[in-house]
Amino acid sequence: MGPTTEAGPEERTGPSFLLLGHVLRPHGLHGELRVRLLTDYPERIGDLPQIYLATDLEARDVQVWRVEHMRMHRQFGLLKLHGVNDRNAAELLRELKVLVAIDDAVPLEEDEFYLYQLIGLRVITEEGCELGTIQDIIETGANDVYIVKGPGSGEILIPATAETILETRIADGYLRVQLPDGLLSD
């Protein structure tokens, strides 16, 4: 049975799930899954009572799985789920997304935010010029890149670095940036 989706008095404005990783393939013969991890807290996965698997974050096919254990092997997680006891059963889960219910996610510090909260924020330069809104985020190894689209400037790729991002005001709906020289054509 999946998590309840009733919002209660305060309507939920974000997703019900957060992405922890992607199942790459079976590992070994006893049902472990090799997972490419996308979380800063992989050690917490083994402590979760359950995780969810789906084809994508918006999928209606979310499956609930009890976690037996999770261990690290090189840069990958090896996830063992209750009831997945051999390579054939693990093979059926290949390429699924590994999700956590938003209510079970690691609480954020005061100055932290989830990436989904950035989508739709207005992007303003330090001089006050509005560039557009964040449409998507590319997660790279070095730093994230925000895809900003606006009526005047088209699509702009803004590196999310300490030098570029001056202020993030999610509650106020904007992000203030100092663009690197040459990023915008005159």
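Quick note: structure is the one above.
Source: prediction; values computed, not measured.

Calculation rules
Residues numbered from 1 in each chain as written. Predicted model: local features only at pLDDT ≥ 70, side-chain atom pairs only at ≥ 80, totals over all residues. Heavy atoms only, no water. Helix = DSSP H or I, 4+ residues; strand = E, 2+ residues; numbered from the N terminus. Buried < 20%, exposed > 50% of the residue type's maximum accessible area, 1.4 Å probe, protein only. Pairing = 2+ DSSP bridges. Axes fitted to C-alpha atoms, helices over the stretch in contact; angles between N-to-C directions. Salt bridge = Lys/Arg side-chain N within 4 Å of Asp/Glu carboxyl O. Core = buried A, V, L, I, M, F, W, Y, C linked by side-chain atoms within 4.5 Å. Contact = heavy atoms within 4.5 Å.

A. Fine view of the environment of Asp40. For Asp40, the position within the fold is in the loop between strand E2 (32-37) and strand E3 (50-54). On a C-alpha basis, the gap between Asp40 and Leu20 in space is 8.9 Å, while along the polypeptide they are 20 residues apart.

B. View of the pairing of strand E5 (residues 76-81). Among the six residues of E5, six are classified as buried, and the element is accordingly described as predominantly covered. Residues Phe76, Leu78 and Lys80 line one face of E5 and the alternating positions Gly77, Leu79 and Leu81 line the opposite face, and both faces are buried. Pairing between E2 and E5: three bridges, direction antiparallel. Looking across to E5, one finds that Val35 is bridged to Gly77.

C. Structural detail: the pairing of strand E8 (residues 130-139). Of the strand pairs in this sheet, strand E7 (residues 122-125) and E8 are connected by three bridges, and their pairing is antiparallel. Bridge assignment links Val123 to a residue of E8, and that residue is Gly132. Connecting the antiparallel pair E7 and E8 is a turn made up of four residues, with Gly128 showing a positive phi of about 100°. Hairpin connection between E8 and strand E9 (residues 144-150): a loop of four residues separates the two successive antiparallel strands.

D. Geometry of the sheet that holds strand E11 (residues 165-169). Judged by pairing direction, the sheet is mixed, and its six strands sit side by side in the order E10-E9-E8-E7-E12-E11 without closing on themselves. Since the sheet does not close on itself, it has two edges, and those belong to strand E10 (154-159) and E11, each with one partner. Ignoring strand direction, the axes of neighbouring strands in this sheet form an average angle of 30°. Pairing of E8 with E9 involves six bridges; the strand directions are antiparallel.

E. Expanded view of the pattern of salt bridges. Inspection of every chain in the model, using the stated rule, returns eight salt bridges. We note a salt bridge from Glu32 to Arg71, for which the minimum N-O separation is 2.9 Å. In this pair, Glu32 sits in strand E2 while Arg71 sits in strand E4 (residues 63-73), placing the two residues 39 residues apart along the sequence. When its relative accessible area of 40% is taken as the criterion, Arg71 is described as partly exposed. Note that Glu155 and Lys149 form a salt bridge whose closest N and O atoms lie 3.7 Å from each other. Residue classification places Lys149 among the partly exposed residues on the basis of a relative accessible area of 43%.

F. How the structure looks around the nonpolar core. Ranked by internal contacts, the top residues of the largest apolar core, which has 24 residues, are Leu33, Ile51, Leu53, Leu79, Leu81, Leu93 and Val98. Within the residue set of this core, elements represented by two or more residues are strand E1 (17-27), E2, E3, E4, E5 and strand E6 (97-101). For Leu93, the residues in contact, after removing those within four places along its chain, are Val23, Leu33, Leu53, Gln63, Trp65, Leu81 and Val84. Counting residues in each nonpolar core, the second largest holds 14 residues, with Ile134, Ile158, Leu175 and Val177 among its members.

G. Quick look at the sheet that holds E4. Spatial ordering of the closed barrel is given by E1-E2-E5-E4-E3-E6, a layout of six strands whose pairing is antiparallel. Ignoring strand direction, the axes of neighbouring strands in this sheet form an average angle of 50°. Sheet analysis places E3 next to E6, joined by three bridges and oriented antiparallel. Bridge pairing in E6 places Tyr52 opposite Leu99.

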